Amino acid sequence: MSEPAAVLLHPRAVWLDAVATDRDDAVRQCGRLLAEVGAVTSAYTDSMLERERSISTHLGEGVAIPHGTASGKDAVRRDALAVLRFPNEVDWDGHPVTLAIAIAARGDGHMAILAELAQILLDPDRARGLREATTADQIIRLLQPAEELDKEPEEEGSAL
């Protein structure tokens, strides 16, 4: 990806014990976390909610990938991820979700990020590891591209 990996997922953008009342609450938390790490303005959250109302970002296996609509790209300051784990699950359009990986991307950057995430989540061991991780560092390590897993981390907080 074109951005340095550390820019995409910082340890402060990982919450392992999130609690949400429903899908919209979970999406709002995702947007708030992306805003807190400086990746988006608060307007991006509305774009994420609009996306959910038009098409669910639930992928299956307890994972959702909330992201904004094309019209929300103006609210993105830089490409970034936020990871929220909901140990008690969130009802996401009738599906239980325990892991939300929020995406903020300028331009078409989200397509490369989505493709990379799809490869990671297709690996059952890595997907389970993401759902069961107990530290932000574990999440960050599991979100590295497969070819990067065997290398020593160059920089703390790198992922994808």
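Our structure is the block above this text.
Before going into details, it helps to say that this report is about the structure given with it.

### Focus on the overall build of the protein
Counting secondary structure elements, the protein contains six helices and five strands. Secondary structure elements of the protein, listed N to C terminal, follow the sequence α-β-α-α-β-β-β-β-α-α-α. Out of the 160 residues in the protein, the part that is buried amounts to 50%. The long-range fraction of contacts in the protein, counting pairs at least 24 apart against all pairs at least 6 apart in sequence, stands at 64%.

### Some remarks on the sheet that holds strand 3 (residues 63-64)
In space, the five strands of this open sheet follow the order 1-4-5-3-2, with mixed pairing throughout. Both edges of this open sheet fall to strand 1 (14-15) and strand 2 (58-60), since each of them pairs with a single strand only. Bridge count for strand 1 against strand 4 (residues 80-92) is two bridges, and the pairing is parallel. Bridging from a neighbouring strand, Trp-15 pairs with Leu-84 of strand 4. Against the sheet, helix 2 (residues 23-36) engages strand 1, strand 4 and strand 5 (95-104), with an angle of about 160 degrees to strand 4.

### Digging into the layout of surface pockets
Reported here for the second largest pocket is a volume of approximately 170 Å³. Lining the second largest pocket, in full, are Leu-59, Gly-60, Glu-61, Val-63, Ile-65, Leu-114, Ala-118, Leu-121, Leu-122 and Ala-127. Of all the secondary structure elements, the ones that give two or more residues to the lining of the second largest pocket are strand 2 and helix 4 (109-121). Among the elements that make up the lining of the second largest pocket, the one with the highest residue count is helix 4 (three residues). Here the lining of the second largest pocket is composed, by residue class, of eight nonpolar, one polar and one charged.

### Some points on the pattern of salt bridges
For the coordinates displayed, the defined rule picks out four salt bridges. The partner of Asp-24 in a salt bridge is Arg-23, and the shortest N-O contact between them spans 2.8 Å. Considered together, Asp-24 and Arg-23 belong to a single accessibility category, that of buried residues.

### As for the side chain of Arg-126
Residue placement: Arg-126 occurs in helix 5 (residues 124-132). Separated by 2.9 Å, the side chain of Arg-126 and the backbone oxygen of Leu-142 make a polar contact.

### Description of the packing of helix 2 against helix 3 (residues 43-54)
Geometrically, a packed helix pair is captured by the angle between its two axes and the distance between the axes. Between helix 2 and helix 3, the shortest axis-to-axis distance is 9 Å and the interhelical angle comes to 145 degrees. Crossing handedness for the pair helix 2 and helix 3: right-handed. Facing helix 2, whose interface residues are Arg-23, Asp-24, Val-27, Arg-28, Cys-30, Gly-31, Arg-32 and Leu-34, helix 3 presents Tyr-44, Thr-45, Met-48, Leu-49, Glu-52 and Arg-53.

Thresholds applied
- Residues numbered from 1 in each chain as written.
- Predicted model: local features only at pLDDT ≥ 70, side-chain atom pairs only at ≥ 80, totals over all residues.
- Heavy atoms only, no water.
- Helix = DSSP H or I, 4+ residues; strand = E, 2+ residues; numbered from the N terminus.
- Buried < 20%, exposed > 50% of the residue type's maximum accessible area, 1.4 Å probe, protein only.
- Contact = heavy atoms within 4.5 Å.
- Pairing = 2+ DSSP bridges.
- Axes fitted to C-alpha atoms, helices over the stretch in contact; angles between N-to-C directions.
- 1 Å grid on protein atoms, 1.4 Å probe; cavity = no way out; pocket = protein on both sides within 12 Å on 5 of 7 lines; lining within 4 Å.
- Points joined across faces, edges and corners; volume = space filled by probe spheres on them.
- Nonpolar A, V, L, I, M, F, W, Y, C, P; charged D, E, K, R; others polar.
- Salt bridge = Lys/Arg side-chain N within 4 Å of Asp/Glu carboxyl O.
- Polar contact = N/O pair within 3.5 Å; in protein donor to acceptor, adjacent residues only side chain to side chain.
- Left-handed = near helix turned anticlockwise from the far one by under 90°.

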